[in-house]
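Geometric and topological summary
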Amino acid sequence: MTTNFIGCFLFVVAMISVDPGDAAEPVADTPPVGVVGTRRDSESHARLIQVPLPITGNVERRLISQIRKAVEELKKVPEIKVGRPLLVLELGSRDPMPSSGSEFEDCLKLARYLVSPDLNGIKTVAYVPQTLRGHALLVLMACDQVLMAPDSVLGGEAKSRNPPDPTIVSSYRQIAASRKTFPETIARGFVDPNQKLLRVQTENGPFLVFANELPEFTKTHTIDPGETETIFPGGEPASLTAREARNLGIVSSLAESSAELASDLGLSRNDLIRDR
């Protein structure tokens, strides 16, 4: 009897001493609304880097260093089955801020780094949360994929050289050709506001053609005048709304929030780690 009583007493004490949390399945923390990423960096195959605007001074050097570090970390993540590791660049923020004034040379250096062999094996994504104008467009053109907030706009500089600097035009076309996210005609239109750009329907499908090149184009193509659409009117800075950019195939989807951005990229919010 005494032995049984002692055994029962020890069993009860042991039950009281157990921490209830030790017996439960571990539950992942739910990130607060508006916060991206709470997983350990070593577990995630996606990084988000904020790109401050305008890109001037030493911003591009700091960003290249930050991107290089993020890429090194992403390449250490165990191989995943869902595709390449993701590097997301958020240009600007959702708060009102200057959307133009970025320096051409600085933006070109950053764009050239993004299309360099250093980023082989990494998928680059640009996200535009608000209106973006000027040479920061080169950063978008240097990425594999572009997403925009529904109310955002892409546009050329309000004040641009007339005629445009051939070096700038050539650089825009070069970066656009490197990734093919932006058609070269769109890239040219952003830096040459005098150009009227049309989308015409032919027997071989739609084409983007500058109005002054249309006579030569019609020598080899038959177009339907009733299906001709003006993309850039000419005589003013070129611009595209988010929906226009999506219709042209430049933008893959429209994302209003961080949660939508992560979802559109096939990620949970915990997967998208904000680099600091």
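Residues numbered from 1 in each chain as written. Predicted model: local features only at pLDDT ≥ 70, side-chain atom pairs only at ≥ 80, totals over all residues. Heavy atoms only, no water.

Helix and strand content of the protein: nine helices and 12 strands. When the 276 residues of the protein are sorted by exposure, 46% land in the buried category. Of the roughly 14700 Å² of accessible surface on the protein, 52% is carried by carbon and sulfur atoms. (Helix = DSSP H or I, 4+ residues; strand = E, 2+ residues; numbered from the N terminus. Buried < 20%, exposed > 50% of the residue type's maximum accessible area, 1.4 Å probe, protein only. Areas by Shrake-Rupley, 256 points an atom, 1.4 Å probe, with all protein chains shown as cover.)

With that settled, consider the packing of helix 3 (residues 104–114) against helix 5 (residues 166–179). Where helix 3 contacts helix 5, the axes come no closer than 11 Å and their chain directions differ by 20°. Classified by the angle their axes make, helix 3 and helix 5 are roughly parallel. Between helix 3 and helix 5 lies a crossing of left-handed hand. Every residue of helix 5 that contacts helix 3 at Phe 104, Leu 108, Ala 111, Arg 112 and Leu 114 is listed here: Thr 167, Ile 168, Ser 171, Tyr 172, Gln 174, Ile 175 and Arg 179. Taken together, the residues that form the contact of helix 3 with helix 5 break down as seven nonpolar, three polar and two charged. (Axes fitted to C-alpha atoms, helices over the stretch in contact; angles between N-to-C directions. Parallel < 35°, antiparallel > 145°, perpendicular 65-115°, else oblique. Left-handed = near helix turned anticlockwise from the far one by under 90°. Contact = heavy atoms within 4.5 Å. Nonpolar A, V, L, I, M, F, W, Y, C, P; charged D, E, K, R; others polar.)

A few words now on the sheet that holds strand 6 (residues 153–155). Within a sheet, neighbouring strands are paired by backbone hydrogen bonds and run either parallel or antiparallel to one another. Taken in spatial order, the three strands of this open sheet run 4-6-10, and their pairing is mixed. Bordering the open sheet on either side are strand 4 (132–133) and strand 10 (239–241), each of which pairs with just one other strand. (Pairing = 2+ DSSP bridges.)

What follows is about the side chain of Ser 253. By secondary structure assignment, the location of Ser 253 is in strand 11 (residues 253–254). There is a polar contact of 3.2 Å between the side chain of Ser 253 and the side chain of Asp 264. If near-sequence neighbours (up to four positions away) are discounted, Ser 253 is found in contact with Val 146, Leu 147, Met 148 and Asp 264. (Polar contact = N/O pair within 3.5 Å; in protein donor to acceptor, adjacent residues only side chain to side chain.)

Moving on, we come to the sheet that holds strand 1 (residues 46–51). Taken in spatial order, the six strands line up as 11-5-3-2-1-12 in an open sheet, and their pairing is parallel. Looking along the sheet, the strands with just one partner apiece sit at the ends: strand 11 and strand 12 (272–274). Where strand 2 (residues 86–91) lies against strand 3 (residues 123–128), five bridges are found, and the strand directions are parallel. Of the residues in strand 3, the one forming a bridge with Leu 86 is Lys 123. Helix 2 (residues 59–76) contacts strand 1 and strand 2 of the sheet and is inclined by roughly 175° relative to strand 1.

The next point concerns unusual backbone geometry. Each neighbour pair has its own omega, and for Leu 53 with Pro 54 the value is -5°, a cis peptide bond. Structurally, Pro 54 can be placed in the loop between strand 1 and helix 2.

In this section: the pattern of salt bridges. In total, this model carries seven salt bridges according to the counting rule given. The salt bridge involving Asp 144 is made with Arg 179; its shortest N-O contact spans 3.6 Å. With Asp 144 in the loop between helix 4 (137–141) and strand 5 (145–148) and Arg 179 in helix 5, this residue pair connects regions lying 35 residues apart in the sequence. Taking relative accessible area as the criterion, Asp 144 reaches 26% and is therefore assigned partly exposed. One salt-bridge network, in which partners are shared between bridges, spans Arg 84, Asp 144 and Arg 179. (Salt bridge = Lys/Arg side-chain N within 4 Å of Asp/Glu carboxyl O.)

It is worth spelling out the environment of Leu 254 at this point. Take Leu 254: it is sitting in strand 11. Given the relative accessible area of 14%, Leu 254 is considered buried. Not counting chain neighbours up to four residues away, the residues in contact with Leu 254 comprise Met 148, Pro 150, Ala 242, Arg 243, Arg 246, Glu 260 and Asp 264.

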